[in-house]
Amino acid sequence: MIDTDATQCGFCTPGFVMALFVFHHGGEPADSATMHEALAGNLCRCTGYRSIVEACRRVAQGPADRFVAEAPVLAEKLSSVPPCTEYRCGTQTFLMPRSLEALFAAMEQHPNAILLGGGTDLGLRVSKDREALPAVIALEAVRELRHVTTGADAIEFGGAVTYSEILPHLDRHFPSFGAMVRRIGSRQIRNLGTIAGNLATASPIGDSIPCLLALDASVKLMSRAGERVLPVESFITGYRKTALAAGEVIAAVRIPFLAPGQKFSVYKLSKRFDQDISTVIAAFRLERLGGKVQQLRAAYGGMAARAMRAVALETAVKGRPWEPAWLPDIETLLARDFTPIGDHRGGAAYRLRAAAGLLRRFQFETSSNVPVRVEAL
Ligand code: FES
């Protein structure tokens, strides 16, 4: 950073240095796209970025350092850690179990503990609301929650699998989902955040939820008593409410692959393109037969107290030709499904028009094979 004059006031420098450190140790190619993604999420008001990208290029070409040499020692040290690490600070307890068994034991010991996924929502309760959470159980080290299994007809991944870990699979099977996940947060956020955590917080603008609804995904919930499987649609029960019972954890999320001919796309509208909270997010899965709609699953976030499917719309378009003729009706149909609120991100009327516009975009893309995505242009 010094050699390339990549620091001026220095306000952003610690974040960039940490991003460069991770990039240096990630073994990734030093191409322009990868380097920009590695640096994304750090904003510099001074340098214009060129010098920072040059620093990134030099770091990538630099020699391995002592952290690489120490890696085996670290692995050895980690192998001897206890099944559940516990930290205490005053009346607060933080637990990090390493197995499902240790997790359930910790949950029994602290029945009111909050389960921690990525922590972007939970962190706010501490930083903004100054809450002193009595007990928090981190899920990231529970080995049974870290699997990714690709079957013949679906992909299943554990509740502690991060966005970064699932991203290559999403890119492969649901590229639009993968592109959207890149906009959720920078790499640092994606390295911590989980889809299961996004589900558990049940925010009306949780970005992955409309995708999971449109794709007919399900969750496997596990407790000492056993396991049960619920469609995501039944799992989200209201504003920040889920069907998760006491003693249960989201063990896995299962997404069925698209059948031949099915199309899936997700569209996210936010004030800033990258790393911003959605104003409206829409995900569609379409199945056609003879040019007509066999089934449309249309799920929206930002339109109601919870992310949900537009059932009136889905029912009305069934059997109709998949062409623009009926598109002027969309807003009326959506108004039957949703009565959105207006807030600082967008008014109610804007949300309805935007939601309709996103379906028009999907119709256009699936009919013409011409992408109208900002990220594709
Ligand atoms: Fe000033 Fe980056 S050097 S913000």
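Criteria and thresholds
- Residues numbered from 1 in each chain as written.
- Predicted model: local features only at pLDDT ≥ 70, side-chain atom pairs only at ≥ 80, totals over all residues.
- Heavy atoms only, no water.
- Phe/Tyr/Trp six-rings, centres within 6.5 Å; stacked < 30°, edge-to-face > 60°.
- Helix = DSSP H or I, 4+ residues; strand = E, 2+ residues; numbered from the N terminus.
- Buried < 20%, exposed > 50% of the residue type's maximum accessible area, 1.4 Å probe, protein only.
- Pairing = 2+ DSSP bridges.
- Axes fitted to C-alpha atoms, helices over the stretch in contact; angles between N-to-C directions.
- Parallel < 35°, antiparallel > 145°, perpendicular 65-115°, else oblique.
- Left-handed = near helix turned anticlockwise from the far one by under 90°.
- Contact = heavy atoms within 4.5 Å.
- Nonpolar A, V, L, I, M, F, W, Y, C, P; charged D, E, K, R; others polar.
- Domains from an automatic or database assignment.
- Buried area = accessible area lost by both parts, 1.4 Å probe.
- Salt bridge = Lys/Arg side-chain N within 4 Å of Asp/Glu carboxyl O.

Bringing the packing of aromatic side chains into the picture now. With the rule as written, the count across this model stands at ten aromatic pairs. Ring centres of Y300 and F338 lie 5.6 Å apart, and the angle between their planes is 70°; on these two criteria the pair is classed as edge-to-face. Remark: F338 occurs in the loop between α14 (330-337) and α15 (348-368) and Y300 occurs in strand β14 (residues 292-301); sequence separation between them is 38 residues. Here the two residues Y300 and F338 agree in accessibility, since each one is buried. Among the aromatic residues, those joined into a ring-pair cluster are Y267, F284, Y300, W322, F338 and F362.

A word on the environment of R353. One can find R353 in helix α15. Judged by relative accessible area, R353 falls into the exposed class, the value being 59%. The spacing of R353 and P29 is 324 residues in sequence and 42 Å in space, taken between C-alpha atoms.

In this sheet, strand β2 (residues 92-97) lies alongside strand β1 (residues 84-89) in antiparallel orientation, the contact comprising six bridges. When the sheet's bridge partners are listed, T85 is paired in β2 with M96. Alignment of β2 against strand β4 (residues 135-138), held across three bridges, turns out to be parallel. Considered in β4, the bridge of L95 is made with I137.

On to the packing of helix α1 (residues 13-26) against helix α3 (residues 50-61). One way to put it is that α1 packs onto α3 with a least axis distance of 9 Å and a crossing angle of 30°. By the angle class used here, α1 and α3 are roughly parallel. The way α1 lies across α3 gives a crossing that is right-handed. When α1 is examined against α3, the residues F16, L20, F23 and H24 are found in contact with a partner set consisting of I52, A55, C56, V59 and A60. Taken together, the residues that form the contact of α1 with α3 break down as eight nonpolar, one polar and no charged.

For the rest of this paragraph, the subject is the sheet that holds strand β3 (residues 114-116). Through backbone hydrogen bonds, the strands of a sheet pair up, either in parallel or in antiparallel fashion. An order of β1-β2-β4-β3 is seen for the four strands of this open sheet, with the pairing classed as mixed. Every other strand in the sheet has two partners, leaving β1 and β3 as the edge strands with one partner each. Neighbour to neighbour, the strand axes of the sheet diverge by 20° on average, direction disregarded.

Contact geometry of α14 with α15 gives a least axis separation of 9 Å together with a crossing angle of 120°. The pairing of α14 with α15 is recorded here as oblique in orientation. For the crossing formed where α14 meets α15, the hand is right-handed. Only L352, R353, A355, A356, L359 and R360 of α15 make contact with α14, whose side of the interface consists of I330, E331, L334 and A335. Residues that form the contact of α14 with α15 fall into these classes: seven nonpolar, no polar and three charged.

What follows covers the domain arrangement of the protein chain. Along its sequence, the protein chain is organised into domain 1 (1-79), domain 2 (82-257) and domain 3 (270-376). With 22 residues of domain 2 at the interface, the matching set in domain 3 holds 27 residues. Across the domain 2 to domain 3 interface the summed buried area is about 2000 Å²; carbon plus sulfur atoms make up 55%. Taking the shortest distance from any N to any O, the salt bridge between R297 and D216 comes out at 3.5 Å. Elements that contribute at least two residues to the side of domain 2 that touches domain 3 include exactly α8 (175-184), α11 (208-214) and β9 (236-238). Of the residues contributing to the side of domain 2 that touches domain 3, the split by class is 13 nonpolar, five polar and four charged.

Attention now goes to unusual backbone geometry. For Y49, which is not glycine, the phi dihedral falls at a positive 80°. The topology assignment puts Y49 in the loop between α2 (32-39) and α3. For D216, which is not glycine, the phi torsion reads 60° and is therefore positive. Mapped onto the secondary structure, D216 falls in the loop between α11 and β7 (218-223).

Below, the discussion takes up the pattern of salt bridges. Scanning the entire structure with this criterion turns up 23 salt bridges. Of the charged contacts, one joins E37 and R187 as a salt bridge, the two residues approaching to 3.8 Å between their closest N and O atoms. Placement of E37 in helix α2 and of R187 in helix α9 (residues 187-190) is noted, with a sequence separation of 150 residues between them. R187 gets classed as buried once you look at its relative accessible area, which sits at 12%. Close ionic contact of D121 with R240 constitutes a salt bridge, the shortest N to O distance being 2.8 Å. Of this pair, D121 sits in helix α6 (residues 120-127) while R240 sits in the loop between β9 and β10 (241-242), and the two are 119 residues apart along the sequence. According to the relative accessible area criterion, D121 is partly exposed, its value standing at 27%. The network of salt bridges with shared partners includes E28, E37, D171, R182, R187 and R190.

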